[in-house]
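If you want the building blocks of each chain, they are given just below.
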Amino acid sequence: MSALHPLTNEELLQVAPTLFTQEPHHEVSQHYHFIPTIDVIEEIRYHRWYPVSVQESGVRNLDKEGYQRHLVRFRHFNDLINPSENAVELLLFNSHDRSTAFSISAGIYRFVCANGLVIADTIFERYKIKHIGNRTNNVQHAIENIMQFKPRLEEKIHTFESIELKDPEKLSFAKAAVPLRFEPHLQVDAHDLLVPHRQEDERDDLYTVMNVIQENLLRGNISGINTQTGRRFTSKEITSIPKDVEINQKLWDITERIATIKSHLIQRVA
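In this report, we go over the structure that sits alongside the text.

## Notes on the pattern of salt bridges
Applying the stated criterion to the full structure yields 16 salt bridges. With a shortest N-O distance of 2.5 Å, Arg73 and Glu89 are connected by a salt bridge. Of this pair, Arg73 sits in strand β2 (residues 70–76) while Glu89 sits in strand β3 (residues 86–94), placing them 16 residues apart in sequence. The class for Arg73 is buried, based on a relative accessible area of 8%. A salt bridge links Arg219 to Glu215; its shortest N-O distance comes to 3.1 Å. Here Arg219 pairs with Glu215, and both are found in helix α6 (residues 206–219), just four residues apart, close to one helical turn. Among the residues examined, Arg219 registers a relative accessible area of 38% and is labelled partly exposed. Residue Glu215 is classed as buried on the basis of its relative accessible area of 5%. The structure contains a network of salt bridges with shared partners spanning Arg110, Arg198, Asp201, Glu215 and Arg219.

Have a look at this one:
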């Protein structure tokens, strides 16, 4: 669930009851200090970051229902009252069965396509919330780090937008991104990752191309051939939180490398 307005606790409960779980899964060690996710959400709200999106993983083992991975995306008060094309977001990850560490990361929300990007750990290191000690200080420190990082990330977006890619460079970008989603025996046409889904994305700058590729990787509907079976397939939407994050972060790393190469070339020409 994603919204342009802050989500209430009632809306959060409707989509992700796991946020309100009050005890850990029974298989968790007795030394594990349990922290309800909703408690941390309230602490983040106190610092004027408000939940705008929530995602909860499905479970195969019904015994894990109510304890599974979940992700909450927050937007700062200033960005809610004065929205721009892109908004830096705070991402809160957790689970109650120890399958996911309680942590805070940085992300970007792009309004034109409703894409939620996740910044690579090499750019903004994920901040883990400890299950012992003074939790409030941990959360506050993580929020302070994101607030300090926010202007730099916004500037990085502007840098990506200023870098124009030629068609061969766009294709190389797409080919480098194919393995993030498809195993070697699943052959797809990299050109399909470059197909925009709206007029606003018919541009050649690095940031737009990255978002087009990200959308096609995550939302699926890319056709190909399974060379092991000889059968055609069409990719489905990625709903797994870990896989979504993995693709996002690795795609961001590729984008950073392209930006570095192009920036050096521009400097040499100048």
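From this point on, the discussion continues.
## Here's the deal with the environment of His141
Residue placement: His141 occurs in helix α4 (residues 135–162). Taking relative accessible area as the criterion, His141 reaches 35% and is therefore assigned partly exposed. Remark: the alpha-carbon pair of His141 and Tyr127, spanning 14 residues in sequence, is separated by 8.9 Å.

## Notes on unusual backbone geometry
Glycine aside, residues mostly have negative phi, and peptide bonds are mostly found in the trans state. With phi around 70°, Arg48 is a residue other than glycine that occupies positive phi space. Position of Arg48 among the secondary structure elements: in the loop between α2 (37–46) and β1 (49–56). Classification of Arg48 as partly exposed rests on a relative accessible area of 39%. Residues other than glycine seldom take positive phi values, yet Asn221 does so here, at roughly 70°. The topology assignment puts Asn221 in the loop between α6 and β8 (223–226).

## So, α2
The element α2 is extensively covered by neighbouring structure, given that seven of its 10 residues are classed as buried. Within α2 the residues assigned to the buried category are Thr37, Ile38, Val40, Ile41, Glu43, Ile44 and Arg45.

## Here we look at the pairing of β2
In terms of residue burial, β2 counts as a mostly covered element, since seven of its seven residues are buried. Alignment of β1 against β2, held across seven bridges, turns out to be antiparallel. Looking across to β2, one finds that Tyr50 is bridged to Arg75. One ladder, built from six bridges, connects β2 with β3; its direction is antiparallel. Its bridge partner being in β3, Leu71 is matched across the sheet by Phe93.

Reading guide: rules and limits
- Residues numbered from 1 in each chain as written.
- Predicted model: local features only at pLDDT ≥ 70, side-chain atom pairs only at ≥ 80, totals over all residues.
- Heavy atoms only, no water.
- Salt bridge = Lys/Arg side-chain N within 4 Å of Asp/Glu carboxyl O.
- Helix = DSSP H or I, 4+ residues; strand = E, 2+ residues; numbered from the N terminus.
- Buried < 20%, exposed > 50% of the residue type's maximum accessible area, 1.4 Å probe, protein only.
- Pairing = 2+ DSSP bridges.

Don't take any of this as a statement about function, it's just geometry.
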